[in-house]
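Examining the three-dimensional arrangement
The chain contents come next:
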Amino acid sequence: MERILNRPLVNTFGWLGVNGTAADVPEEIKEEKYVIESGSERTVILNEAAHISAEIEENAVFKLVQIRRPEEGAKTVNDISVKCGDGARFEWYRVIFGGGATYDNCSVALDGKGSSFKAAVGYRLCGEEIYDVNCEAIHTGQKTVSDIFASGVLSDKAFKLLRGTIDLRRGCAGAVGKELEDVLLVDETVRCQTVPVILCSEEDVEGDHGATIGRPDEQLIYYMESRGLDRETILEQLSRAKLDAVIRRIPDEKTVQALLEEE
């Protein structure tokens, strides 16, 4: 069944082709529903995509860790919808080791005063693999905070499209939103699109976004080659560093060690 996935909160120039992606998706997608009760904390680790909805009550914490491995199939569709109450916190950690095509949508409503959202997304794609992601933080509560971070590597003919939106709506006085992406382009044949958007209808807020996207530093490679490393080994180490930047943020030591060994 064909659906339009990952529609952004607002459309941008049509010729960019980023206002949603048409893709064939399974008719049935696994559903996961969570209610994190006031004052509690829960960490969930999932190795497959799903339609995930969560309500995080006052001063509660929900940490969601999702791992995508190539053997999971040619295509996965992941859809996350979260609502945060006063003082609630949602953390999303997403690590992608590859796979045919991965579609992620993560929408977080920061309704409660002092609620927060942190996302750390890491990916390593090669061949003709695809990663299409839409991540949005919707600030309506006062003094809310969002921090979206992505770090990845593209090689061969891989394609990545990241839409990151920080929506600072009327009434969210004192809110702060930040988005940062760091991408290593190993080959000239890759395709990389980054669409950072800040929407603002409130005066007393802060919004910031930035991206570092580029080829490996040839001067650094030359220096490391002079120390006895070959180019293939150097590129492998640089690539691992990008993914490690996300893996090491995961709040579960056993998972961190297993993923570092798996790379």
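Attention in this report is confined to the structure presented alongside it. (Residues numbered from 1 in each chain as written. Predicted model: local features only at pLDDT ≥ 70, side-chain atom pairs only at ≥ 80, totals over all residues. Heavy atoms only, no water.)

**Structural notes on the overall build of the chain**
Just so we agree on the cut-off: Only DSSP runs of H or I with at least four residues qualify as helices, and only runs of E with at least two residues qualify as strands; both kinds are numbered from the N terminus onward. The globule rule is 2.2 Å times the number of residues to the power 0.38, and the radius of gyration it is compared with is taken over C-alpha atoms. Throughout this description, buried means an accessible area under 20% of the type-specific maximum (1.4 Å probe, protein chains only), exposed means over 50%, and partly exposed covers the range between. Note on areas: Shrake-Rupley with a 1.4 Å probe; residue coverage comes only from the protein chains shown.
Counting its secondary structure elements, the chain contains three helices and 16 strands. The C-alpha radius of gyration of the chain comes to 19 Å, within 12% of the 18 Å expected for a compact globule of 263 residues. The 263 residues of the chain split such that 49% are buried. Counting every atom, the chain has about 12,600 Å² of accessible surface; 46% of that belongs to carbon and sulfur.

**Points about the pairing of strand S2 (residues 21-24)**
Applied cut-off: Between any two strands, pairing holds if DSSP finds at least two bridges.
Judged by which residues are buried, S2 turns out to be one-sided: Thr-21 and Ala-23 face inward and are buried, whereas Ala-22 and Asp-24, on the alternate face, are not. With four bridges connecting them, strand S1 (residues 2-5) and S2 associate as antiparallel partners. Bridged to Ile-4 within S2 is Ala-22.

**Points about the sheet that holds strand S14 (residues 176-185)**
So the rule is basically this: Helix axes are fitted to C-alpha atoms over the stretch in contact, other axes to C-alpha atoms as well, and angles between N-to-C directions run from 0 to 180 degrees. In this description, contact between two residues means that some pair of their heavy atoms is separated by no more than 4.5 Å.
Taken in spatial order, the seven strands make up an open sheet running S4-S6-S8-S10-S12-S14-S16, and their pairing is parallel. The sheet terminates laterally at strand S4 (41-46) and strand S16 (206-214), the two strands that pair on one side only. Going across the sheet, the axis of each strand differs from the next one's by a mean of 5 degrees, ignoring polarity. Along the sheet, helix H2 (residues 231-247) makes contact with strand S8 (89-96), strand S10 (116-125), strand S12 (145-154) and S14, crossing S10 at roughly 155 degrees.

**Section: a negative patch on the surface**
Which entries qualify depends on this criterion: Residues enter patches when they are more than 30% accessible in relative terms and free of salt bridges; like-charged ones are connected within 9 Å and nonpolar ones (Val, Leu, Ile, Met, Phe, Trp, Tyr) within 5 Å. We define a salt bridge as a side-chain nitrogen of Lys or Arg found within 4 Å of a carboxyl oxygen belonging to Asp or Glu. In this tally, Asp and Glu contribute negative charge and Lys and Arg positive charge; neither His nor the terminal groups of the chain are included. Here the site of a charge means NZ on Lys, CZ on Arg, CG on Asp, or CD on Glu.
Among the surface-exposed residues, Glu-203, Asp-204, Glu-206 and Asp-208 lie close enough to one another that they form a single negatively charged patch. Structurally, the position occupied by Asp-204 is in the loop between strand S15 (191-200) and S16.

**A word on the packing of helix H1 (residues 218-226) against H2**
Short version of the rule: Each angle receives one of four descriptions, namely roughly parallel if under 35 degrees, roughly antiparallel if over 145, roughly perpendicular if within 65 to 115, and oblique otherwise. The hand of a helix crossing depends on one turn: near helix anticlockwise from the far one by less than a right angle means left-handed, and clockwise means right-handed. Charged means Asp, Glu, Lys or Arg here, nonpolar means Ala, Val, Leu, Ile, Met, Phe, Trp, Tyr, Cys or Pro, and polar covers whatever is left, Gly included.
Viewed as axis vectors pointing N to C, H1 and H2 meet at an angle of 120 degrees, and their least axial separation amounts to 10 Å. Taken together, the axes of H1 and H2 are oblique relative to one another. The two elements H1 and H2 meet at a crossing, and its hand is right-handed. Listed contacts from H2 to Glu-218, Leu-220, Ile-221, Met-224 and Glu-225 of H1 are Arg-231, Ile-234, Leu-235, Gln-237 and Leu-238. For the contact of H1 with H2, the per-class residue count stands at six nonpolar, one polar and three charged.

**Some thoughts on the nonpolar core**
Test applied: Think of a nonpolar core as a cluster: buried Ala, Val, Leu, Ile, Met, Phe, Trp, Tyr and Cys residues, connected wherever their side-chain atoms sit within 4.5 Å.
Formed by 38 residues in total, the largest nonpolar core has its most connected members in Ile-56, Phe-62, Leu-64, Phe-90, Trp-92 and Phe-117. A per-element tally of this core places S10 first, with five residues. Ignoring any residue separated from it by four or fewer positions in sequence, one finds Phe-90 in contact with Ile-56, Phe-62, Leu-64, Ile-80, Val-82, Cys-84, Cys-106, Val-108, Ser-116, Phe-117 and Lys-118. Core analysis: the second largest hydrophobic core is formed by 14 residues, Tyr-93, Val-246, Ile-247 and Val-256 among them.

**Observations concerning the packing of aromatic side chains**
Just so we agree on the cut-off: In this analysis, rings of Phe, Tyr and Trp, with Trp reduced to its six-membered ring, are considered paired at centre separations within 6.5 Å, and the interplanar angle assigns stacked below 30 degrees, edge-to-face beyond 60, and tilted for intermediate values.
Going through the model one piece at a time under the given rule, you end up with four aromatic pairs. Between Phe-62 and Phe-90, the ring centres sit 5.7 Å apart and the planes meet at 35 degrees, which makes this aromatic pair tilted. With Phe-62 in strand S6 (residues 61-68) and Phe-90 in strand S8, this pair connects stretches of sequence that are 28 residues apart. Residue Phe-62 is classed as buried on the basis of its relative accessible area, which comes to 0%. Relative to Tyr-131, the ring of Tyr-123 has its centre 5.7 Å away and its plane inclined at 50 degrees; by these criteria the two rings are tilted. Each member of the pair Tyr-123 and Tyr-131 is classed as buried. By the ring-pair criterion, three or more aromatic residues cluster together here, those being Tyr-34, Phe-62, Phe-90 and Phe-117.

Worth remembering: the numbers are spatial, not functional.
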